[in-house]
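Reading the structure
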Amino acid sequence: GADGLQKRELAIIEALRSSKSSKENVMSMALQQVCGGRHLQSVPVAHGLGWAIHDAIQFDAESESALSSLRYQLRGEFCCIFVVTTLFWIWRCFFELRNSLQLLDLFRICPTDCCNGINRKNGKALDLGSQVALLFIIVLRLILEAVLLIDGYFMNCETNCIMDLIMNAVALEFIFDVDDVAAFGVLSKRELEVMESHSVQLTWMGTSRWSVFRACRSPVRNWLKLFAVLLLTGMFSGARFFKVKSLHSRAFVACLTNGLTDGTSPLPDNAPEVVFPAPGFCASLLGAFSGLNGPNCWTWRNRLGEPLTNAICSNPGNIADAKWEQLLPMDEMGRQACTELWFGQGVPAGELVPALKYPGSFEPVAFGCRKEDLDIHSIRVIVPFYLTHEAHLARFRCRRPAYGPRSAVWSATSITSDEFIQPLYFFRYSDRSPLELQARSCENLPKVHGCGEDPCRVVTDSFHSTTCDEYCERHNLICAEAFAVSKGRTCAPGHRARSLNCLETQADKRRMLGCRCRLPPEERICGLLSNVYARCNHDPCKVLVSQFDRETGRPTNFRSCTDYCAMANLTCLAQLRVRQRSCEPDPRGSLLPCDDPLPKLSFDEYTVYSQMNASREFETSDEGDGEDEWASELTRLAIIENDSPERVCHCGSPGLVFASAKK
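Residues numbered from 1 in each chain as written. Predicted model: local features only at pLDDT ≥ 70, side-chain atom pairs only at ≥ 80, totals over all residues. Heavy atoms only, no water.

Our focus in this paragraph is the overall build of the chain. A count of helices and strands for the chain gives 17 helices and 23 strands. Taking all 663 residues of the chain together, 51% fall into the buried category. Considering only intrachain contacts with a sequence separation of at least 6, the fraction spanning at least 24 residues in the chain is 67%. Carbon and sulfur atoms form 56% of the exposed surface of the chain, whose accessible area is close to 32000 Å². (Helix = DSSP H or I, 4+ residues; strand = E, 2+ residues; numbered from the N terminus. Buried < 20%, exposed > 50% of the residue type's maximum accessible area, 1.4 Å probe, protein only. Contact = heavy atoms within 4.5 Å. Areas by Shrake-Rupley, 256 points an atom, 1.4 Å probe, with all protein chains shown as cover.)

As for its position among the elements, Phe289 is in helix 9 (residues 281-289). Overall, the relative accessible area of 8% leaves Phe289 in the buried class. With 46 residues separating them along the chain, Phe289 and Arg335 place their C-alpha atoms 8.9 Å apart.

Before going further, it helps to examine the state of the cysteines. All chains considered together, the criterion is met by 13 disulfides. With its sulfur 2.2 Å from that of its partner, Cys369 forms a disulfide with Cys398. Across the disulfide from Cys369 to Cys398, rotation about the S-S bond amounts to roughly 95°, and the bridge is consequently right-handed. One end of the pair, Cys369, is in strand 9 (residues 369-370); the other, Cys398, is in strand 11 (residues 390-398), and 29 residues separate them in sequence. At a sulfur-sulfur separation of 1.9 Å, the disulfide partner of Cys561 is Cys649. Disulfide Cys561-Cys649: the torsion about the S-S bond is -80°, which places it as left-handed. Taken together, the positions of Cys561 in helix 14 (residues 561-566) and Cys649 in strand 23 (residues 647-652) put the pair 88 residues apart, joining distant regions of the chain. The same class applies to Cys561 as to Cys649, namely buried. (Disulfide = S-S within 2.5 Å.)

Under the criterion given, the structure shown has 18 salt bridges. For the salt bridge of Asp331 with Arg71, the shortest nitrogen-to-oxygen distance reads 2.8 Å. Separated by 260 residues along the polypeptide, Asp331 in the loop between strand 5 (310-313) and helix 10 (332-341) and Arg71 in helix 3 (residues 66-73) bring together distant segments of the chain. Overall, the relative accessible area of 1% leaves Asp331 in the buried class. The buried category is assigned to Arg71, whose relative accessible area is 11%. Across the pair Arg400 and Asp373 runs a salt bridge, and its minimum N-O distance is 3.6 Å. Remark: Asp373 occurs in the loop between strand 9 and strand 10 (374-382) and Arg400 occurs in the loop between strand 11 and helix 11 (435-439); sequence separation between them is 27 residues. Here the salt bridges share partners, and the residues they tie into one network are Arg92, Glu96, Arg141 and Glu145. (Salt bridge = Lys/Arg side-chain N within 4 Å of Asp/Glu carboxyl O.)

Let us now look at the side chain of His248. Counting through the fold element by element, His248 comes out in helix 8 (residues 219-256). When sequence neighbours within four positions are dropped, the list of residues in contact with His248 reads Leu67, Leu70, Arg71, Leu74, Met330 and Asp331.

This part is about the packing of helix 4 (residues 76-102) against helix 5 (residues 128-157). The contact between helix 4 and helix 5 brings their axes to 9 Å, and the two run at 175°. Considering their axes alone, helix 4 and helix 5 lie roughly antiparallel with respect to each other. Here Phe82, Thr85, Trp89, Ile90, Cys93, Glu96, Leu97, Asn99, Ser100 and Leu101 of helix 4 come into contact with helix 5, specifically with Ile138, Arg141, Leu142, Glu145, Leu148, Leu149, Gly152, Tyr153, Asn156 and Cys157. A breakdown of the residues in the contact of helix 4 with helix 5 according to their chemical character gives 12 nonpolar, 5 polar and 3 charged. (Axes fitted to C-alpha atoms, helices over the stretch in contact; angles between N-to-C directions. Parallel < 35°, antiparallel > 145°, perpendicular 65-115°, else oblique. Nonpolar A, V, L, I, M, F, W, Y, C, P; charged D, E, K, R; others polar.)

The tally for this structure, following the rule as stated, stands at 10 aromatic pairs. Between the aromatic rings of Phe252 and Phe281, the centroid separation amounts to 5.8 Å while the plane-to-plane angle is 80°, which identifies the pairing as edge-to-face. Residue Phe252 is located in helix 8, and its partner Phe281 is located in helix 9; the two are separated by 29 residues in the primary sequence. Like Phe281, Phe252 is buried. Measuring from centroid to centroid gives 5.8 Å for Tyr403 and Phe426, while their planes differ by 85°, and the two rings are edge-to-face. Here Tyr403, found in the loop between strand 11 and helix 11, pairs with Phe426, found in the loop between strand 11 and helix 11; they are 23 residues apart in sequence, far enough to count as distant. Just as Tyr403 is buried, Phe426 falls in that class too. We note Arg240 situated over the ring of Phe82; from NZ or CZ to the ring centre the distance is 5.0 Å. (Phe/Tyr/Trp six-rings, centres within 6.5 Å; stacked < 30°, edge-to-face > 60°. Lys NZ or Arg CZ within 6 Å of the ring centre and 35° of its normal.)

Take the nonpolar core next. Residues Leu256, Phe281, Leu356 and Phe396 are the most contacted members of the largest nonpolar core, which totals 66 residues. Of all the elements, helix 8 adds the most residues to this core, at 7 residues. In this structure Leu356 touches Phe276, Phe343, Glu363, Pro364, Val365, Ala402, Tyr403, Ile421, Tyr425, Phe426 and Phe427, once residues within four positions along its chain are discounted. Grouped together as the second largest cluster of nonpolar side chains are 24 residues, Cys526, Tyr533, Leu544 and Cys561 included. (Core = buried A, V, L, I, M, F, W, Y, C linked by side-chain atoms within 4.5 Å.)

Attention now moves to unusual backbone geometry. Although it is not a glycine, Asn476 sits at a positive phi angle of roughly 60°. Structurally, Asn476 is set in the loop between helix 12 (468-473) and strand 14 (478-486). With a phi close to 55°, Asn537 is a non-glycine residue in the positive phi region. Summarising the element assignment, Asn537 is placed in the loop between strand 17 (532-535) and strand 18 (542-545). Since its relative accessible area comes to 58%, Asn537 is described here as exposed.

The next point concerns the environment of Thr460. Along the chain, Thr460 turns up in strand 13 (residues 454-460). Once the C-alpha coordinates of Thr460 and Val448 are considered, the two residues, 12 residues apart in sequence, prove to be 5.7 Å apart. Once residues lying within four places of it in the same chain are set aside, the contact partners of Thr460 are Pro446, Lys447, Val448, Tyr471, Met512, Leu513 and Cys515.

As far as function goes, none of this settles anything; it's purely spatial.
Right, here's the structure in full:
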């Protein structure tokens, strides 16, 4: 049982422990032992501006992960072999128990002339010393056979391979035959013949071995014996089945929550706002069993040397309506969960899927659920005849994905999206990325430390006489929230903190002042502007206009900055010509009329197709339409990678004219 159920359960517990102690939302080595080894591939694209990323986890029987092993043990062929070996093992143990109990007849009469000093004609039984010795032998045999029955069962339970199961059954059979082997090796041929000729004649259980064919001679007694064996076999096999099913469901939930819980307990208090599955888990499950290609993701930056600012993922199709022909019944929870976590729900065929990122990294992810939309629980099942005597069948449901058309944040804009998801889950220039994150309005706030995934929510370094209103105003922001937090305590959203008024000071020396700042209303209105390639000079209203629609991957059709600003009911204040993909002024002169036409995107699709063909290794479909699907995907990515905007539109409302003049 070196790789048995106990080891699998310990692996799940260790994965939960390591994930809770880790401060980063990454896949720990312990979690990889549960979910499977992760094979991350990345290929540079767009001349080094981005990466094509593909995650792969192995789900077949050759994988050494706990999930694959448990999945294999729930297959029909393994369960059948286990039931058969358990049946014959119990049958053999009952046969040995019968032989031991038959020795009780020796207390009544000595049936052979080998009883020295006993007058067989007088019908005398064994003397007292012989009876004590016989009783000791019978009790010892009964204990050994009972122990072998239980230990043999546990030995089979801890076996996770059909071949090992058969070999263990043979080994257990040898244990009962070892005394016969020893007798044949020690006794002479004459002594063996005497033993055979003076075998005990038993009356109360018959002279022949217990066989199902004797049912016709004594039907009630023998059918009861058969029923007892089948009952124990069913109870033993059922106990192991529920234990394996429990561990399998717990392993699935651990992988679906990236090790935050296995379903036997709720999510921890410090769980992130958005719960992602283990990296690559759902994408690999989709690619392995649905008949669709697992989604591939692309992430890129605006300029070389800068952080990654955008990400999208391919759309393999409607996951809910996929065939899932290779799916086994035990994988149903994984299919349902990954379908519910998929950001591509409601995305039209042929369109790209939006992506979030793991906080603290720039790795795109297209599966996830907000913590408040998760329903994780377990059903407790009493399992006798096993070590813990109980099993927990874990359940996982997500009411709606964290991102995408079916999510709650999809109806929001850059002005209100932080009410649904914390800013650091977004790539900087995602369409619904919070405005303060896009403009980097809060990156220079002096602070003791941040609070959660919102860079504008901080514990200040100000003295006790300062209010949040004064603190935010010093950085051209306004106060959105004020609170007091005890020293050394976390201030992340959802944790207890004493609310304050923005004009209220913090006089308690045991507490520190916390503030959440935001842009003033006259600048936040520019969060309605979409198709943002960059926001320039920390000004949310100066937009380097992207030449394509980031949601659909199609070129935009804005004629001028006047047309672009009017999209958000704003007025064009200026149009600036800049260097490609930059906010730096063009040496030829930067100021242009607002009605000056915006440059149109142009590219050589064939050249881009050749440049990106290296990333085709990620395509796993062997179907005939894979070429067309890949070519269409490359066309959309070609637009993204060749997006080289060179015009900045400065938009605003009439109230912004005076503020703009000051800047």
